[in-house]
Amino acid sequence: MTTFHCQNQNRRNARDACTWFVGARDDSRRASVDGRRRHGEVDFHLSQVLSGPGGRWVLDKETHRKSVQRAHRPGALRVASAFQTVSYDAACVVANTTPLVLLMQEDIRCQDEKVASGGVQSDIRKRQREETMRRWQDQWTTGAGQPGAPGLKTRRLIPDINLWVSRKHGEVDFFLTQLLTGHGFLRSYFVEKGILEGSPNCPECGDAVEDVEHVLFHCPRFDRIRNEMQQRCHSRVTMDNIVSEMCARSDTWEAVRAAARTIFSTLQARWDVERPPTARRRRRARRRARDANGGPSGPAARQQPAPQGPP
């Protein structure tokens, strides 16, 4: 395994280390049990590199910690199969990967305690991992009480991080992640991000905002899918208990996952038809129109010499 050494407090070496280890996770496309294990191993090795004697400086300043988060964020988004607009905190929770700064702090505490007490490494690691989970939960709970904090939709659905990360079954995919984050093919999301102009309301209901709760539990377009999901679950699921029920039973997880796949794939197909044209799509449309009319197009056509007149 390639190792990057952070010598002379060189910030570029730390960034290169982050980038290389994030790239090593490209094969972990879904947060399955095996995928989470590979993802966690890479995070563990990276935290040891950056929390070593040459890397403790990374935690000294907020700007350094932000740099670590920016390097870690693409990997978390990829494992969670999330939209690029999902916050770093929410992506880490959905992908079941501990934020890298917390892992670095854990490694530093383990090293300091081992030097001070000479205890057994496994016992020290276990105690400090519990402390890391407590700090992660505290950060997550504190953000849930702040208006405008990133990942509020995910914080509502997953209030207990330990329950989520300690589950023994289930994996997230592109459609289930949209349900957990609220970043997906929803009118409320597109209007909020300025992608779509107009009303965020559901085109079927008219007076209700098209968000995760509406399409999953209220919209008449998906009554059949909703009834099938509730029948497969052992108890009635709501927005308040859906994640706890999913973590408790694998068949409930699969029922919600199947419903999310059907609902959001339907919404994606509608968006493919209704979305406003971008500059690239407009250029492609003009090029196709020119080709259909037999006119020249493209750079080669622009470089053609002008026709010469008769001598």
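**Some remarks on the overall build of the chain**
Looking only at helices and strands, one finds 16 helices and zero strands in the chain. Among the 311 residues that make up the chain, the fraction classed as buried is 44%. Taking all contacts inside the chain whose residues are at least 6 apart in sequence as the whole, residues at least 24 apart take part in 59%.

**A word on helix α4 (residues 88–95)**
Judged by how many residues are buried, α4 sits mostly within the fold: seven of eight residues are covered. Looking only at α4, the buried set comprises Tyr88, Ala90, Ala91, Cys92, Val93, Val94 and Ala95. Asn96 sits one or two residues past α4 and shows a positive phi near 60°.

**Describing empty space enclosed by the protein**
All told, the structure shown has one cavity of 30 Å³ or more when counted by the stated rule. Considering only enclosed or pocket space, the largest cavity measures out at about 40 Å³ in volume. Surrounding the largest cavity, Asp89, Pro99, Trp136, Gln139, Trp140 and Arg155 form its lining. Take the lining of the largest cavity: its biggest share by element is three residues, from helix α6 (residues 121–144).

**Thoughts on the nonpolar core**
The biggest cluster of nonpolar side chains holds 65 residues, and the ones touching the most others in it are Trp164, Leu179, Leu180, Met229, Ile242 and Phe264. Not counting residues up to four positions away in its chain, the partners in contact with Leu179 are Leu157, Val212, Leu216, Ile242, Val256, Ala260 and Phe264.

**What about the packing of helix α9 (residues 174–181) against helix α14 (residues 250–274)?**
Between two packed helices, both the angle of their axes relative to each other and the distance between the axes serve to describe the pair. As a packed pair, α9 and α14 sit with axes 8 Å apart at the nearest point and diverge in direction by 90°. As summarised for this structure, α9 and α14 are arranged roughly perpendicular, according to the angle between their axes. Between α9, through Phe174, Phe175, Leu176, Gln178 and Leu179, and α14, the contact on the second element is made entirely by Trp253, Val256, Arg257, Ala260, Arg261, Phe264, Ser265 and Gln268. Its residues assigned to classes, the contact of α9 with α14 shows eight nonpolar, three polar and two charged.

**Let's talk about the side chain of Ser87**
Mapped onto the secondary structure, Ser87 falls in the loop between α3 (62–80) and α4. In this structure Ser87 comes out as buried when scored by relative accessible area, which is 15%. Excluding anything up to four places from it in sequence, Ser87 contacts Arg73, Pro150 and Gly151.

**A closer look at a positive patch on the surface**
Residues Arg282, Arg283, Arg284, Arg286, Arg287, Arg288 and Arg290 make up a contiguous surface patch of positive charge. Classification of Arg282 as partly exposed rests on a relative accessible area of 41%.

**Side note on the packing of aromatic side chains**
Under the defined criterion, the tally for this structure stands at nine aromatic pairs. What links up through ring pairs into an aromatic cluster is the set Phe83, Phe174, Phe175, Phe185, Tyr189, Phe190 and Trp271. Arg155 extends its terminal NZ or CZ atom over the ring of Trp140, reaching a point 4.4 Å from the ring centre. The ring centre of Trp164 lies 4.3 Å from the NZ or CZ of Arg167, which sits over that ring.

**Focus on the layout of surface pockets**
Its volume calculated, the second largest pocket comes out at about 430 Å³. If you trace the second largest pocket, you find 18 residues lining it, with Glu62, Lys66, Gln69, Asp89 and Gln139 closest to the centre. With four residues, α3 is the largest single contributor of residues to the lining of the second largest pocket. Looking at the lining of the second largest pocket residue by residue, the class counts come to six nonpolar, seven polar and five charged.

**Observations concerning α6**
Over its 24 residues, α6 extends 34 Å from the first C-alpha to the last, a length consistent with the 34 Å expected when each residue adds 1.5 Å. Buried within α6 are the following residues: Ile124, Arg125, Gln128, Thr132, Met133, Trp136, Gln137, Trp140 and Gly143.

**Topic: the pattern of salt bridges**
Taken as a whole and assessed by the stated rule, the structure comprises 23 salt bridges. Two residues, Arg65 and Glu62, come together in a salt bridge whose shortest N-O distance is 2.7 Å. Residue Arg65 and its partner Glu62 are both found in helix α3; the two are separated by three residues, about one turn of the helix. For Glu62, a relative accessible area of 42% translates into the label partly exposed.

**Quick look at the confidence of the model for the chain**
A residue-level look at the chain finds 75% of positions with pLDDT of 70 or above and a mean pLDDT of 80. When mean pLDDT is compared element by element in the chain, α9 scores highest at 97, while helix α1 (residues 11–23) scores lowest at 45. The low-confidence segment residues 1–33 (pLDDT under 50) makes 72 contacts with residues lying over four places distant or belonging to another chain. Here residues 297–302 is a poorly scored stretch, pLDDT under 50, and it has four contacts once near neighbours within four places are set aside; other chains count.

Cut-offs used in this document
- Residues numbered from 1 in each chain as written.
- Predicted model: local features only at pLDDT ≥ 70, side-chain atom pairs only at ≥ 80, totals over all residues.
- Heavy atoms only, no water.
- Helix = DSSP H or I, 4+ residues; strand = E, 2+ residues; numbered from the N terminus.
- Buried < 20%, exposed > 50% of the residue type's maximum accessible area, 1.4 Å probe, protein only.
- Contact = heavy atoms within 4.5 Å.
- 1 Å grid on protein atoms, 1.4 Å probe; cavity = no way out; pocket = protein on both sides within 12 Å on 5 of 7 lines; lining within 4 Å.
- Points joined across faces, edges and corners; volume = space filled by probe spheres on them.
- Core = buried A, V, L, I, M, F, W, Y, C linked by side-chain atoms within 4.5 Å.
- Axes fitted to C-alpha atoms, helices over the stretch in contact; angles between N-to-C directions.
- Parallel < 35°, antiparallel > 145°, perpendicular 65-115°, else oblique.
- Nonpolar A, V, L, I, M, F, W, Y, C, P; charged D, E, K, R; others polar.
- Patch = residues over 30% accessible without salt bridge, like charges linked within 9 Å, V, L, I, M, F, W, Y side chains within 5 Å.
- Areas by Shrake-Rupley, 256 points an atom, 1.4 Å probe, with all protein chains shown as cover.
- Salt bridge = Lys/Arg side-chain N within 4 Å of Asp/Glu carboxyl O.
- Lys, Arg positive; Asp, Glu negative; His and termini not counted.
- Charge placed at Lys NZ, Arg CZ, Asp CG, Glu CD.
- Phe/Tyr/Trp six-rings, centres within 6.5 Å; stacked < 30°, edge-to-face > 60°.
- Lys NZ or Arg CZ within 6 Å of the ring centre and 35° of its normal.
- Expected span 1.5 Å × (residues − 1).
- pLDDT = per-residue confidence, 0-100.

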